[in-house]
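Reading the structure
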Amino acid sequence: MARDLRVSINQDLEVDITPRKPKKLPKQAREDPTLTIDRTHLLSEHKKTRQRYMEKDGKCNVHHGNVKETYRYFSDLFTTLVDLKWHFSLFIFTLVFNVTWLFFGLIWWLVAYIRGDLDHLGDKNWVPCVENLNGFVSAFLFSIETETTIGYGYRVITEKCPEGIVLLLVQAILGSIVNALMVGCMFVKVILEGMVEETGK
């Protein structure tokens, strides 16, 4: 009896498969035939072309529109300084250093004036903020010595002047920033002009 229940492997089985009924469309779709139209082909037709920042040939694809000239120059100051002609670059290089030296020289002179160091120039018992600072010219020279770290040793700050110590730190840090910016501008300018000459040959 068990043999009668076995099915031969070679024998085909007949299986009754009933096809599924399609899902019933919503009422709105049945009433409005325009909703049942296949619109997938429209996606590929109206697909926007992707814009690139840089073309495949290396050209820049960014164009500034409606940018005022003054804003354009001050929005990226470093690039503006690099793009200037050499005589303007050297003028600005010299001007920036002279202005910072004059500015800090004026502050050193004000510190000496407010503390009364200029009134006690010959007094041996008076401890000034900066020794041997006797006027604006010597304050300007001390500013140059501080910012360029020359330090001749004749004019020197004393430990009895906390405002002078803070000013010394501020001038040293700002002087380093100005130095890095100006030297960086000149370095990039030299490199870029060298690359332009190489490609021009």
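Only a predicted model underlies this, so the values are computations on that prediction, with no experimental measurement involved. (Residues numbered from 1 in each chain as written. Predicted model: local features only at pLDDT ≥ 70, side-chain atom pairs only at ≥ 80, totals over all residues. Heavy atoms only, no water.)

The next subject is the overall build of the protein. Broken down by element type, the protein carries 8 helices and 2 strands. From first element to last, N terminus to C terminus, the protein shows the α and β order α-α-α-α-α-α-β-α-β-α. Each of the 201 residues in the protein was classed as buried or not, and the buried ones make up 20%. Put simply, 59% of the contacts in the protein that link residues at least 6 apart link residues at least 24 apart. Carbon together with sulfur atoms contributes 61% to the accessible area of the protein, which is approximately 17,100 Å² in total. (Helix = DSSP H or I, 4+ residues; strand = E, 2+ residues; numbered from the N terminus. Buried < 20%, exposed > 50% of the residue type's maximum accessible area, 1.4 Å probe, protein only. Contact = heavy atoms within 4.5 Å. Areas by Shrake-Rupley, 256 points an atom, 1.4 Å probe, with all protein chains shown as cover.)

For the rest of this paragraph, the subject is the state of the cysteines. Following the criterion strictly, the structure yields 1 disulfide and no others. Two residues, Cys129 and Cys161, share a disulfide whose sulfurs are 2.0 Å apart. Taking the sign of the S-S torsion, -75 degrees for the link of Cys129 and Cys161, the bridge is left-handed. Of this pair, Cys129 sits in the loop between helix 6 (86–115) and strand 1 (130–131) while Cys161 sits in the loop between strand 2 (156–157) and helix 8 (162–200), and the two are 32 residues apart along the sequence. There is no split in this pair, since Cys129 and Cys161 are both buried. (Disulfide = S-S within 2.5 Å.)

In the numbering used here, UniProt assigns the "transmembrane region" (unreviewed entry) feature to residues 88–111 and 165–192. Strand forms 0% of residues 88–111 and helix 100%; the C-alpha atoms that close the span are 34 Å apart. The span residues 165–192 shows a helical share of 100% and a strand share of 0%, and its end C-alpha atoms are spaced 40 Å apart. (UniProt positions renumbered as here; feature names shortened; annotations may be inferred.)

Grouped together as the largest cluster of nonpolar side chains are 12 residues: Phe104, Trp108, Val111, Ala112, Leu118, Cys129, Val130, Leu133, Ala139, Phe142, Cys161 and Leu167. At the level of elements, helix 6 and helix 7 (136–147) are the ones that each hand at least two residues to this core. Among the elements that make up this core, the one with the highest residue count is helix 6 (4 residues). For Cys129, the residues in contact, after removing those within four places along its chain, are Val111, Arg115, Asp117, Val156, Ile157, Thr158, Cys161 and Gly164. The next biggest cluster of nonpolar side chains, apart from the first, holds 8 residues, and it includes Val82, Trp101, Val178 and Cys185. (Core = buried A, V, L, I, M, F, W, Y, C linked by side-chain atoms within 4.5 Å.)

On to helix 7, then. Over its 12 residues, helix 7 runs 16 Å from end to end, which matches the ideal 16 Å to within 8%, given 1.5 Å per residue. Just past helix 7, the residue Thr149 takes up positive phi, approximately 55 degrees. (Expected span 1.5 Å × (residues − 1).)

This part takes up the environment of Pro162. With respect to the helices and strands, the residue Pro162 is situated in helix 8. Judged by its relative accessible area of 52%, Pro162 falls in the exposed class. With 33 residues separating them along the chain, Pro162 and Cys129 place their C-alpha atoms 8.6 Å apart.

The subject of this paragraph is the pattern of salt bridges. On inspection of all chains with the given rule, the structure shows 4 salt bridges. Among the ionic pairs, Arg115 bridges to Asp117, the shortest N-O distance being 3.6 Å. Assessed through its relative accessible area of 23%, Arg115 is described here as partly exposed. Judged by its relative accessible area of 4%, Asp117 falls in the buried class. Between Lys189 and Glu193 there is a salt bridge, with its nearest N and O atoms 3.8 Å apart. Here the residue Lys189 and the residue Glu193 both occupy positions in helix 8, the gap between them amounting to 4 residues, near one helical turn. Glu193 gets classed as partly exposed once you look at its relative accessible area, which sits at 34%. Each of the salt bridges in this network shares a partner with another, and the network as a whole consists of Arg115, Asp117 and Glu163. (Salt bridge = Lys/Arg side-chain N within 4 Å of Asp/Glu carboxyl O.)

Two aromatic rings, taken as a pair, are described by how far apart their centres are and by the angle between their planes. Inspection of every chain in the model, using the stated rule, returns 5 aromatic pairs. Pairing Phe97 with Trp101 gives two aromatic rings, centres 5.9 Å apart and planes at 35 degrees, and the pair type is tilted. Here Trp101 and Phe97 lie together in helix 6, a separation of 4 residues that amounts to about one turn. Of the residues examined, Phe97 reaches a relative accessible area of 14% and is grouped as buried. Trp101 sits in the buried class, given a relative accessible area of 16%. Ring geometry for Trp108 and Phe142: centres 4.9 Å apart, planes at 85 degrees, overall edge-to-face. Placement of Trp108 in helix 6 and of Phe142 in helix 7 is noted, with a sequence separation of 34 residues between them. Pair check on accessibility: Trp108 and Phe142 agree, each one buried. Joined through ring pairs, the aromatic side chains of Phe93, Phe97 and Trp101 make up one cluster. Sitting over the ring of Trp86, Lys189 keeps its end group 5.2 Å from the ring centre. (Phe/Tyr/Trp six-rings, centres within 6.5 Å; stacked < 30°, edge-to-face > 60°. Lys NZ or Arg CZ within 6 Å of the ring centre and 35° of its normal.)

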